[in-house]
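Breakdown of the fold
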Protein chains: 4
Amino acid sequence: MNTFGQLLRVTTFGESHGPAIGCVLDGCPPGIAIAPEDFIHDLARRATGKSRHTSARHEADVVEILSGVYEGITTGTPIALLIRNTDQRSKDYAKIAAQFRPGHADYTYWQKYGIRDPRGGGRSSARETTMRVAAAVIAKKWLAQRGVRVYGYLAQIGQITPNALDVAAIETNPFFWPDAAQVPELEAYMDALRKSGDSVGAKVVAVADGVPPGWGEPIYGKLDGELAAAMMSINAVKGVEIGDGFASVAHTGSQHRDVMTPEGFLSNHAGGILGGISSGQQIRVSVAFKPTSSLRLPVQGLDVDGNVVDVITTGRHDPCVGIRATPICEAMLALVLMDQALRHRAQCGDVGEVHPRIAGNTSITDAKR
Amino acid sequence: MNTFGQLLRVTTFGESHGPAIGCVLDGCPPGIAIAPEDFIHDLARRATGKSRHTSARHEADVVEILSGVYEGITTGTPIALLIRNTDQRSKDYAKIAAQFRPGHADYTYWQKYGIRDPRGGGRSSARETTMRVAAAVIAKKWLAQRGVRVYGYLAQIGQITPNALDVAAIETNPFFWPDAAQVPELEAYMDALRKSGDSVGAKVVAVADGVPPGWGEPIYGKLDGELAAAMMSINAVKGVEIGDGFASVAHTGSQHRDVMTPEGFLSNHAGGILGGISSGQQIRVSVAFKPTSSLRLPVQGLDVDGNVVDVITTGRHDPCVGIRATPICEAMLALVLMDQALRHRAQCGDVGEVHPRIAGNTSITDAKR
Amino acid sequence: MNTFGQLLRVTTFGESHGPAIGCVLDGCPPGIAIAPEDFIHDLARRATGKSRHTSARHEADVVEILSGVYEGITTGTPIALLIRNTDQRSKDYAKIAAQFRPGHADYTYWQKYGIRDPRGGGRSSARETTMRVAAAVIAKKWLAQRGVRVYGYLAQIGQITPNALDVAAIETNPFFWPDAAQVPELEAYMDALRKSGDSVGAKVVAVADGVPPGWGEPIYGKLDGELAAAMMSINAVKGVEIGDGFASVAHTGSQHRDVMTPEGFLSNHAGGILGGISSGQQIRVSVAFKPTSSLRLPVQGLDVDGNVVDVITTGRHDPCVGIRATPICEAMLALVLMDQALRHRAQCGDVGEVHPRIAGNTSITDAKR
Amino acid sequence: MNTFGQLLRVTTFGESHGPAIGCVLDGCPPGIAIAPEDFIHDLARRATGKSRHTSARHEADVVEILSGVYEGITTGTPIALLIRNTDQRSKDYAKIAAQFRPGHADYTYWQKYGIRDPRGGGRSSARETTMRVAAAVIAKKWLAQRGVRVYGYLAQIGQITPNALDVAAIETNPFFWPDAAQVPELEAYMDALRKSGDSVGAKVVAVADGVPPGWGEPIYGKLDGELAAAMMSINAVKGVEIGDGFASVAHTGSQHRDVMTPEGFLSNHAGGILGGISSGQQIRVSVAFKPTSSLRLPVQGLDVDGNVVDVITTGRHDPCVGIRATPICEAMLALVLMDQALRHRAQCGDVGEVHPRIAGNTSITDAKR
């Protein structure tokens, strides 16, 4: 189960400190122009070392295209992408290998497999998400050609929430924060946190504009169901919401239902999905990240023999993993959307011909977007 | 995509007001005793008409076992379950068919397929979930034989939350509410709501006790990822949390990480899952349900030609769909767990032999459970 | 694994002498007109009791459409089809249940599952193939709307092979034999065989005309690979060939390669598939059926305790299962083709736009067809 | 669809003359010792350049293990294997790119995708099978630990068939021929063929000894069905047989059925599979390879504009691709068996406990093996 998607399938491999990480993107349509340079922007956005508020691992993250692209164009055959791990520090992992860090997958991997690669978290490291971002570069490109734009931002860090939602501000600061005025406050907060040796959680919102109505499969292939799985598969995620999410629990029906008018929907509590299928409104997903479990602060724990030990995690670690997670959430949103778009084309590609009335009413779009 | 699961696969079919609904449960191990009576309890818990607070559809919901069971024992071949729709009211659906109810899948089905079955919501009706509950009766039985107990309760309705978590109280009231003392307050609240013609949301918590460490597959087959997809695939769900969920966003790392001791974990913020794999602690999932979209209160809407119309929904509808959702959430939890258990046995069935050290340390269990 | 197909998925269930058999056809496009009468023709072609040369089970095989069709049109939701087993003879299965018939799945089911339904072969009975034929009625209809015609014939029975390939003759005799002149010879042969209590094998050829170039997925989703799996999944099949099949072993390359001209290919040794993808030529698959294992002739065998026993198979059995298999082979061919067509549309639906040159050269068709 | 298998999944990527080929083996159990050296033997057996009778491409085919193995032991995470293409000849592919070689996938890839990588056949080259052989090295090792031995041999080349079946002889000659006395005849035959510029087909038989009864899933996951798909997915394969295959067509039932005795089966016409499930007998699969389509002999053909051109294929090509296919057929057999073994363990892992009678009667084995 290192494969994600039904028709557009991403298979990733690689450990944090193994020789390389990589992915195979299968099912991609032919005819898309792809060059190694295309991956630079999003990998840099996700990369460690972007700012002093994220961890200090410095890797080139140079993507090599091994297959599936001929003369710069996708051929429809599997696209393999490879990134060598150049920043593998040689050190003694014997101590780490023998004990379980709280909040980490150390204990569960060891229980499941009877063996684990202890170097930097091995397969359970967030380094794996690099390949999701890389694969999604292609998905984003394909979606953009169809008028779909995917982006994300940080909507909470610890107890701080944005005072404004200024999309233009997001990419101007290292926090993907949609209110530039709050950036100094965030910087001070993060500096204090890093000094304390502690960490904090964060909430990311990923959105997609321009998704046409009809993407998504009812019941077990619902667009929101697959988004939930996609987001929850990211390291450190503990919650996923579509549209108003848990706030809907306290809503009344008359307040929550999004009224349609000839000019479009009057609200978007649903987050752009009804019955598992896109409605033509903005798709909106919120994702909760727990605080980084790797802390400089020592804690009592256990070793593999059941003895009590002091667990101290050294090395490079973000005080807030959620910050760098914005491009990862975007990536998962883009991959799910493109997969669903292909599946929709497969089953309903000729709905227009068979039922001409479907061609009508596309003017019902989101007036509030 | 009307199939759920990897090795234990549930395929459901049927529309709300078609001749029947049913499911095929494939991949089930042989040797499990199953009788038609086994389905009665959970189907009754989920059934409409359980109390005056849920809708008035009265159906026998009698399960017929069509295959896969010989002399009362599962044979390993697919188990088909069928329920005839006996309460199909004959009425004129022409008006409903021509307009889009806000908050419903009417518009998106119509956009996707160019055709929809308008009778009672057709395939998008929550009636489909009956078969999930039926299939999960078998999963719960198999899990129980292995010491795993699955149950659920209502943790919020509108703005009301339980004052206590008394597991014994859950099945003594029609709200699956874990504090018997609050039941009169809930009854009054629901009566007022029904009188007003409005509806409200709810939050369900589903838990599993006794899950051994090691169930779940890393990366895209994570136990929490599959639970998120499973829950989000239920009608009206807008959010899913594992453990502390969105509350984790405001946690610090030192506060959130669950410390292990020789006697077990000291807390369970993680909800029993680390790195996508069960830790041996209680699995805890929270699910947000939006308020019922079908209201007696009229609303402006659109018909299939784009004209503005008054949409009035008559018929039987729960003022709070979340109440009846408790057994559905349990069902999805049970199905995911059993599927993961089978997959774990496939890949790691001989871990004990190969790596004898895994046999140790099972004493690390949840002290708080 | 009672599900077949990737996007067009058939899930079958039911035992030979259980209450019913059925299937769920998922992923079917909306907008196809389907009525219960549509199933009559092909089910009758496959049915037992068609002639005195096939077994005497008399069942109505009435298909009930349980879901997925509204007002006679497919809606895109799963189509469930049900056939009640009306001809279940009540008899004592205790003896059959305790011994293993040679050439049957009795022993292997018992070894795998530790339990088996002995009534009429249970799940391993060819009765299951009824639902494949039923599901394929829909696939054939969809394909026919796109100019693809699927049919089959018997190409060998015992040592007898057709003297001519007259497509018009196939449906005029109970053997699906493409040379009407040989029918008396076949009748005499079968009468003698039935009298002897023995059985014989047969070879079926299934063909598809009008398949456009481009259907099929390279490597593990090859059109020929999936056809091989589809045919080999039919009861009693021991071999599958595409085009010239095993005769290719003795060919030279200069003899085997199909030369292309502006008027089309000059031969079709390949059977219409190159590199796993349809070439636009006729698709041709040959399927070998072993002789019926159920014979009146007694044979020494074993019971479940390992004792030597005399095994005598009574009941209704075809002396040549291959005869009735023609519609089953057609069904599997149609299902594979439609599934691949949908997958092709998903991945390459816009190849024409992106690479306009693909629009050319469709005049290269099979001159020999 | 570049992924093969259900639980043990092989995803391959790479083109013949791209930078690299590789695979990801997912779902592999932990605890298997694997080193780069383990791949040398089988890759050499498959490699081009093994003898003067196979083509002259000289590649090291050095396997790099990129992930999934820690300190020489599989960890349960995906195993990525990479082979750099070191023998990429730089040459002008413009002419090849513009015309369709008969018998090749050139035309169908171009029709499907609108673009193709013409270098050495691109993705449709048999070079892809290298990774199947590499992945199967791990499967063979796992199977061997459970007493299952997989091997293969050449059973026909052109019109020549073996006079004896001497398993010990197979690996002593470059033809995998089971009769050493015929090797000089074969050498002369191949020398003449190569001189003529023509090619010839071949038949490979792959067998597995020691497979326990019970592996395989009925209906659409049948062991023989999956073997048929696996073999047919190999380049140039046109036919697959299980056991007696097409010869069964002329058999009578009394002749074909394999009689069981307390000492074992008296024959193995079935090829070790009954009802899609292994019987405990030897598994035997025969595979037909067409003659190599790439010939020095010129032929009339078409270019991408539909013009008639002379097609001359230069470069390195085996006059009989079937010779090198023996290890590839073994690989597919091993991969299918291991996948089925894991699936069997998942569903029926506790059959022994539930139905103790299954533990008996394992003395019913193949007396003739």
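Anything mentioned here points back to the structure above.
Scope of this entry: the structure provided in the associated data block. (Residues numbered from 1 in each chain as written. Chains lettered and ligands numbered in written order. Predicted model: local features only at pLDDT ≥ 70, side-chain atom pairs only at ≥ 80, totals over all residues. Heavy atoms only, no water.)

**Observations regarding the overall build of chain A**
Check the secondary structure of chain A and you find 10 helices and 18 strands. Counting all 369 residues of chain A, 71% fall into the buried class. Relative to all contacts within chain A whose residues are 6 or more apart in sequence, the contacts with residues 24 or more apart total 72%. As displayed, chain A has an accessible area near 11,000 Å², and 54% of this comes from carbon and sulfur atoms. (Helix = DSSP H or I, 4+ residues; strand = E, 2+ residues; numbered from the N terminus. Buried < 20%, exposed > 50% of the residue type's maximum accessible area, 1.4 Å probe, protein only. Contact = heavy atoms within 4.5 Å. Areas by Shrake-Rupley, 256 points an atom, 1.4 Å probe, with all protein chains shown as cover.)

**What about the side chain of Asp61 of chain A?**
As for its placement among the helices and strands, Asp61 of chain A is situated in the loop between helix H1 (40-46) and strand S4 (64-65). Within the local environment of Asp61 of chain A, its side chain forms a polar contact with the side chain of Arg127 of chain A, the two groups lying 2.9 Å apart. (Polar contact = N/O pair within 3.5 Å; in protein donor to acceptor, adjacent residues only side chain to side chain.)

**Overview of the interface of chain D and chain A**
Residue-level contacts link 37 residues of chain D with 37 residues of chain A. Across the interface of chain D and chain A, roughly 2,900 Å² is buried in total on both sides, 61% from carbon and sulfur atoms. Summed over the three residues of chain D that lose the most area to chain A, namely Leu66, Tyr70 and Ile115 of chain D, the buried surface amounts to 20% of that side. Summed over the shared surface of chain D and chain A, the result is two salt bridges. With a closest N to O distance of 2.8 Å, Arg84 of chain A and Glu64 of chain D form a salt bridge. Taken together, chain D and chain A are joined by 10 residue pairs in polar contact (both at pLDDT 80 or more). Looking at the side of chain D that touches chain A, the elements with two or more residues in it are strand S2 (9-14), strand S3 (20-26), strand S4 (64-65), strand S6 (73-74), strand S7 (79-84) and helix H3 (106-113) of chain D. The element that contributes the greatest number of residues to the side of chain D that touches chain A is S2 of chain D, accounting for five residues. When grouped by side-chain class, the residues that make up the side of chain D that touches chain A number 17 nonpolar, 11 polar and nine charged. (Buried area = accessible area lost by both parts, 1.4 Å probe. Salt bridge = Lys/Arg side-chain N within 4 Å of Asp/Glu carboxyl O. Nonpolar A, V, L, I, M, F, W, Y, C, P; charged D, E, K, R; others polar.)

**Some thoughts on the environment of Ser278 of chain C**
Residues and elements named next belong to chain C. Relative to the helices and strands, Ser278 is located in strand S15 (residues 277-278). The class of Ser278 is buried, set by a relative accessible area of 0%. There is a polar contact of 2.6 Å between the side chain of Ser278 and the backbone oxygen of Pro212.

**Focus: the relation of the copies chain C and chain D**
When chain C is brought onto chain D, the operation consists of a screw motion whose angular component is 180° and whose axial shift is 0.0 Å, with 0.0 Å RMSD remaining. Those values place the two copies in the arrangement expected of a two-fold rotation axis. Residue by residue, 99% of the interface of chain C is reproduced at the interface of chain D, so both copies engage with the same surface. (Least-squares fit on C-alpha atoms with pLDDT ≥ 70 in both.)

**Some details on the interface of chain C and chain D**
Taken residue by residue, the interface counts 113 residues in chain C and 112 residues in chain D. Sorting the residues of chain C by area buried against chain D places Lys112, Tyr220 and Arg257 of chain C first, and these three jointly supply 11% of that buried surface. Scanning the region where chain C abuts chain D turns up 35 residue pairs in polar contact (both at pLDDT 80 or more). If one sorts the elements of the side of chain C that touches chain D by residue count, helix H3 (residues 106-113) of chain C sits on top with seven residues. Each residue belonging to the side of chain C that touches chain D can be placed in one class, and the counts come to 51 nonpolar, 43 polar and 19 charged.

**So, the packing of helix H9 (residues 326-348) of chain A against helix H9 (residues 326-348) of chain C**
One way to put it is that H9 of chain A packs onto H9 of chain C with a least axis distance of 8 Å and a crossing angle of 135°. Classified by the interaxial angle, the pair formed by H9 of chain A and H9 of chain C is oblique. In this structure, H9 of chain A crosses over H9 of chain C, and the sense of that crossing is right-handed. On the side of H9 of chain A, the interface is formed by Leu342, Arg345, Ala346, Gln347 and Cys348 of chain A, while H9 of chain C contributes Leu342, Arg345, Ala346, Gln347 and Cys348 of chain C. (Axes fitted to C-alpha atoms, helices over the stretch in contact; angles between N-to-C directions. Parallel < 35°, antiparallel > 145°, perpendicular 65-115°, else oblique. Left-handed = near helix turned anticlockwise from the far one by under 90°.)

**Some remarks on the relation of the copies chain D and chain A**
Note on the identical chains: chain D maps onto chain A by a rotation of 180° and an axial translation of 0.0 Å, with an RMSD of 0.0 Å. Most of the interface of chain D is mirrored in chain A, where 100% of its interface residues are also at the interface.

**Description of the sheet that holds strand S17 (residues 299-303) of chain B**
Strand order in the open sheet formed by three strands is S8-S17-S18 (chain B), with antiparallel pairing between adjacent strands. Unpaired on one side and paired on the other, strand S8 (99-100) and strand S18 (308-311) of chain B mark the two borders of the sheet. (Pairing = 2+ DSSP bridges.)

**So, unusual backbone geometry**
Despite not being glycine, Ala236 of chain A shows a phi value in the positive range, around 75°. Tracing the backbone shows Ala236 of chain A in the loop between helix H6 (223-232) and strand S11 (237-242). You will see that Glu71 of chain C, though not glycine, has its phi angle at about 50°, which is positive. Residue position: Glu71 of chain C is located in the loop between strand S5 (69-70) and strand S6 (73-74). In this structure Glu71 of chain C comes out as exposed when scored by relative accessible area, which is 68%.

**Some words on the packing of H6 of chain A against H9 of chain A**
All names here are of chain A. In the contact formed by H6 and H9, the axes pass within 9 Å of each other and the chain directions differ by 145°. Crossing of H6 over H9 shows right-handed handedness. In this structure, H6 uses Leu223, Glu226, Leu227, Ala230 and Met231 to contact H9, whose residues at the interface are Cys329, Met332, Leu333, Val336, Leu337, Asp339, Gln340 and Arg343. Counted by class, the contact of H6 with H9 contains nine nonpolar, one polar and three charged residues.

**Re the pairing of strand S17 (residues 299-303) of chain A**
Residues and elements named next belong to chain A. Most of S17 is tucked away: four of the five residues are buried. The sheet contact formed by strand S8 (residues 99-100) and S17 spans two bridges and is antiparallel. Paired with Gln99 across the strands is Asp303, a residue of S17. Relative to strand S18 (residues 308-311), S17 is paired through four bridges, and the arrangement is antiparallel.

**Describing the environment of Pro298 of chain B**
Relative to the assigned elements, Pro298 of chain B resides in the loop between strand S16 (283-289) and S17. Here Pro298 of chain B falls in the exposed class, since its relative accessible area comes to 53%. Taking the C-alpha atoms as reference points, Pro298 of chain B and Thr314 of chain B, separated by 16 residues in sequence, lie 9.8 Å from one another. Setting aside residues no more than four positions away along its own chain, Pro298 of chain B makes contact with Arg257 of chain A together with Val311 and Ile312 of chain B.

**Some thoughts on the pattern of salt bridges**
The final tally for this structure, using the stated rule, is 84 salt bridges over all chains. Arg343 of chain A is paired through a salt bridge with Glu217 of chain A; the nearest N and O atoms lie 3.0 Å apart. Here Arg343 of chain A, found in helix H9, pairs with Glu217 of chain A, found in the loop between strand S10 (202-209) and H6; they are 126 residues apart in sequence, far enough to count as distant. Exposure remark for Glu217 of chain A: the relative accessible area of 10% places this residue in the buried category. The partner of Asp350 of chain D in a salt bridge is Arg345 of chain B, with the nearest N and O atoms 3.3 Å apart. Here Arg345 of chain B lies in helix H9 (residues 326-348) and Asp350 of chain D lies in the loop between helix H9 (326-348) and helix H10 (351-354), a pairing that spans two chains.

**Overview of the packing of aromatic side chains**
For the structure on display, the rule yields 22 aromatic pairs over all chains. Pairing Tyr220 of chain A with Phe4 of chain B gives two aromatic rings, centres 5.5 Å apart and planes at 40°, and the pair type is tilted. Of this pair, Tyr220 of chain A sits in the loop between S10 and H6 while Phe4 of chain B sits in strand S1 (residues 3-4), placing the two residues on different chains. Each member of the pair, Tyr220 of chain A as well as Phe4 of chain B, is classed as buried. Grouped by ring-pair contacts, the aromatic residues Phe100, Tyr107 and Trp110 of chain A together with Phe265 of chain B constitute a single cluster. One residue, Arg146 of chain C, lies across the ring of Trp142 of chain C, its end atom 3.9 Å from the ring centre. (Phe/Tyr/Trp six-rings, centres within 6.5 Å; stacked < 30°, edge-to-face > 60°. Lys NZ or Arg CZ within 6 Å of the ring centre and 35° of its normal.)

**Considering the side chain of Ser125 of chain D**
All names here are of chain D. Structurally, Ser125 can be placed in the loop between H3 and helix H4 (129-145). Here Arg127 takes part through its backbone nitrogen, which lies 2.9 Å from a polar atom of the side chain of Ser125. Setting aside its immediate chain neighbours within four residues, Ser125 contacts Ser16, Gly120 and Asn235.

**Quick look at the sheet that holds S18 of chain A**
The strand order across the open sheet built from three strands is S8-S17-S18 (chain A), with neighbouring strands paired in antiparallel fashion. The sheet terminates laterally at S8 and S18 of chain A, the two strands that pair on one side only.

**Points about helix H6 (residues 223-232) of chain D**
With respect to burial, H6 of chain D is a largely interior element, 10 of its 10 residues being buried. For H6 of chain D, the set of buried residues is Leu223, Asp224, Gly225, Glu226, Leu227, Ala228, Ala229, Ala230, Met231 and Met232 of chain D.

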